[in-house]
Amino acid sequence: MSFTFANGSEYRQTLTKDKYMQLFLKDNGLRESCYECSFRGNSRKSDITLADFWGVENLEKEFFDDKGTSLVIVQTEKGKRLVDSIKNSCCIKETDFSQAVKFNPAYFESKKRPKKRNVFFKNLERTEINELYRKFGKDSFFMKTKRFAARCLWHIRNIKNKKEAR
């Protein structure tokens, strides 16, 4: 992650080390409406839905660049015309809907409200980022172990898939 500010100074940090991002990923800083989202599921009121394409590396490997890929879900004929009107100026690949939302649980479910969210907001304005991170951002030993196991399985599957492709 990299930001350049108006005064020319820069902020650079990997997402796994950025304390602000880690706090965000814990869902403490979400809007209250995110915990009871009325726009989840298939009954959308929009022509298109824009989302982060989580899991793109499992479906469309050529679109995975570790910087983020957008998922555009077309809901209506008007939405289809809109996407068609811009398709020559960007990289678009049609993907099976059920596969595209497979790694995007927020499409169907609201985020669970963290137990410590109110305490997080009470501390937000008056607590330094390192202290906030220590209190609300660090993973438990269980979560670290679970994430490590998931990464190992992902690597094993990739090795297996590469061998099968030969």
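Residue positions are given per chain, counting from 1 as you read along its sequence in written order. Where local features are concerned, this predicted model is filtered to residues with pLDDT of at least 70; where side-chain atom pairs are given and counted, the filter is 80 or more; whole-chain, interface and lining totals use all residues. Calculation of side-chain values draws on the structure's entire complement of heavy atoms; hydrogens and water are dropped beforehand.

### With respect to the confidence of the model for the protein chain
A low pLDDT score tells you not to read the predicted coordinates there in detail.
Reasoning step 1: A residue's pLDDT is the confidence the predictor assigns to it, expressed on a 0 to 100 scale. Looking at the protein chain, the pLDDT average stands at 86 and 100% of residues meet or exceed 70.
Reasoning step 2: Put simply, strand β1 (residues 2–4) is where the protein chain has its lowest mean pLDDT, 80, and helix α3 (residues 77–86) is where it has its highest, 94. Put simply, DSSP H or I for four residues or longer makes a helix, DSSP E for two residues or longer makes a strand, and each gets a number counted from the N terminus.

### What about the packing of aromatic side chains?
For any pair of aromatic rings, geometry is given as the distance between the ring centres together with the angle between the planes.
Reasoning step 1: Each pair of aromatic rings taken from Phe, Tyr and Trp, with Trp reduced to its six-membered ring, is defined by centres within 6.5 Å and is described as stacked if the planes are under 30 degrees apart, edge-to-face if over 60, and tilted in the remaining cases. Counting across every chain of the model gives four aromatic pairs.
Reasoning step 2: Both rings, one in Y107 and one in F108, keep their centres 4.9 Å apart while their planes meet at 80°; by these two values the pair is edge-to-face.
Reasoning step 3: Of the residues examined, F108 reaches a relative accessible area of 40% and is grouped as partly exposed.
Reasoning step 4: Taken together, a centroid distance of 5.4 Å and an interplanar angle of 85° make the contact between F120 and F136 edge-to-face. In this pair, F120 sits in helix α5 (residues 117–124) while F136 sits in helix α6 (residues 129–136), placing the two residues 16 residues apart along the sequence.
Reasoning step 5: Grouped by ring-pair contacts, the aromatic residues F97, Y107 and F108 constitute a single cluster. Only protein chains enter the accessibility calculation, which uses a 1.4 Å probe; a residue is then buried when its area is under 20% of its type maximum, exposed when over 50%, and partly exposed in between.

### Structural notes on the environment of N7
Reasoning step 1: Tracing the chain through its elements places N7 in the loop between β1 and β2 (10–12).
Reasoning step 2: For this analysis, a polar contact is any N or O atom pair within 3.5 Å, provided that within protein one partner can donate a hydrogen and the other can accept it, and provided that sequence-adjacent residues contribute only side-chain to side-chain pairs. At 2.7 Å, the side chain of N7 and the side chain of S9 are in polar contact.

### Let's talk about the nonpolar core
Reasoning step 1: What we call a nonpolar core is a set of buried Ala, Val, Leu, Ile, Met, Phe, Trp, Tyr and Cys residues that are connected through their side-chain atoms within 4.5 Å. Counting seven residues, the largest nonpolar core is built from F53, V56, L71, I73, A100, V101 and Y107.
Reasoning step 2: Core analysis: the second largest hydrophobic core is formed by five residues, L23, F120, L132 and F136 among them.

### Observations regarding the pairing of strand β4 (residues 70–74)
Reasoning step 1: Burial of β4 is one-sided: the residues L71 and I73 facing one way are buried, the residues S70, V72 and V74 facing the other way are not.
Reasoning step 2: Sheet topology note: the strand β3 (residues 48–52)/β4 ladder contains five bridges and is antiparallel. Looking at β4, one finds that T49 is bridged to I73. Should DSSP find at least two bridges between two strands, the strands are regarded as paired.

### Description of the environment of G68
Reasoning step 1: Within the fold, G68 resides in the loop between α2 (56–59) and β4.
Reasoning step 2: Counting along the chain gives 18 residues from G68 to I86, while the straight-line C-alpha distance between them is 19 Å.

### What about the pattern of salt bridges?
Reasoning step 1: Salt bridges are identified by distance alone: a Lys or Arg side-chain nitrogen within 4 Å of an Asp or Glu carboxyl oxygen. Counted under the stated rule, the structure contains ten salt bridges.
Reasoning step 2: The residue E10 makes a salt bridge to R12 at a minimum N-O spacing of 3.0 Å.
Reasoning step 3: The exposure class of R12 is exposed, given its relative accessible area of 59%.
Reasoning step 4: Residue R117 is joined to E32 by a salt bridge in which the shortest nitrogen-to-oxygen separation is 2.9 Å.

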